[in-house]
Amino acid sequence: MAPILKGLALEVAPGSMVQINGASGRGKSVLAQTILGQWRRSAGSILVDGVNLDRMGCEDSARLFGYVPETPAFVAGTLAENIAHLDTDPSPEKVAGAARQACLHAVISALPDGYLTRIDATGSILSRGQRHQLALARALYRDPAILIIDEPDSALLESIPETLDKTFARLLRRGGVIVVLARKPLGLAMISATYRLDGGRLKAVAKAAVAKPKIVVVGPATVARR
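Note that the structure is predicted; figures quoted are calculated from it, not measured.

Draft legend 1. Representation of the pattern of salt bridges within the structure. Inspection of every chain in the model, using the stated rule, returns five salt bridges. One salt bridge connects Arg63 with Asp60, and the closest N-O pair in it is separated by 2.6 Å. With a gap of three residues between them, Arg63 and Asp60 both fall in helix H2 (residues 58–64), about one helical turn apart. Residue classification places Asp60 among the partly exposed residues on the basis of a relative accessible area of 40%. The salt bridge involving Glu151 is made with Arg183; its shortest N-O contact spans 3.4 Å. Remark: Arg183 occurs in the loop between strand S9 (177–182) and strand S10 (191–198) and Glu151 occurs in the loop between strand S8 (146–150) and helix H7 (154–158); sequence separation between them is 32 residues. Looking at Arg183, the relative accessible area reads 38%, which means it is partly exposed. Salt bridges sharing common partners tie together Lys28, Glu70, Glu151 and Arg183.

Draft legend 2. Focus on the confidence of the model for the chain. Residues of the chain with pLDDT of at least 70 account for 88%, and the chain-wide mean is 86. Summarising per-element confidence for the chain, the mean pLDDT is lowest in strand S12 (residues 216–224) (49) and highest in strand S7 (residues 118–119) (98). Segment residues 209–215 is flagged for pLDDT under 50; beyond a separation of four residues in sequence, or across chains, it makes 16 contacts in the model.

Draft legend 3. Molecular detail of unusual backbone geometry. In this structure, Asp143 is a non-glycine residue whose phi angle is positive, near 50°. Mapped onto the fold, Asp143 is located in the loop between helix H6 (128–140) and S8. In this structure, Glu151 takes a positive phi of about 50° despite not being glycine. Here Glu151 falls in the buried class, since its relative accessible area comes to 10%.

Calculation notes
- Residues numbered from 1 in each chain as written.
- Predicted model: local features only at pLDDT ≥ 70, side-chain atom pairs only at ≥ 80, totals over all residues.
- Heavy atoms only, no water.
- Salt bridge = Lys/Arg side-chain N within 4 Å of Asp/Glu carboxyl O.
- Helix = DSSP H or I, 4+ residues; strand = E, 2+ residues; numbered from the N terminus.
- Buried < 20%, exposed > 50% of the residue type's maximum accessible area, 1.4 Å probe, protein only.
- pLDDT = per-residue confidence, 0-100.
- Contact = heavy atoms within 4.5 Å.

Okay, here's the thing in structure tokens:
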């Protein structure tokens, strides 16, 4: 089978936000899931601060990454349970804090049952934009070092940009990394590098000339179709 990603290499320095653009079906979601360790690679490695992701346990990996998929899925349960990602000892303060960072606290608070409002696996009682906000709150709950956002909903970036700018800036200030994958360039001021994914390869379109230690390295990696 033909590989989806071919000899791909990506380096992101602490405190950086990068965007990866490409048309539908070019492998952006596969790349995101490969960084997360969800796809088996036929070559290459993923390093975070020099540590191979393959040597990390599931709990360490879960704390390291926050992921907002293009089509979020949830568990049938309360909004609080979904934000806490089924944490066995959830913190109500952390749940509300994550919701605030995702600009969702006011929406949840206005519901009759608030954070105890129950949703199904698709989050059907929420709008598309609110489902992405809920997925973002879930991703931020554990204060991830690396936040990956796959095809963000336009409402997420256009209708509430000021609060999200603060959320992203806070993560970057503490040395975190944000990787955004989208069909078209997003034009966010804090993006330090832009890549285009085409033919299974990454090409740097624009990159800030900043020499910093590596935090994420993917490559040279090859991912075959399952």
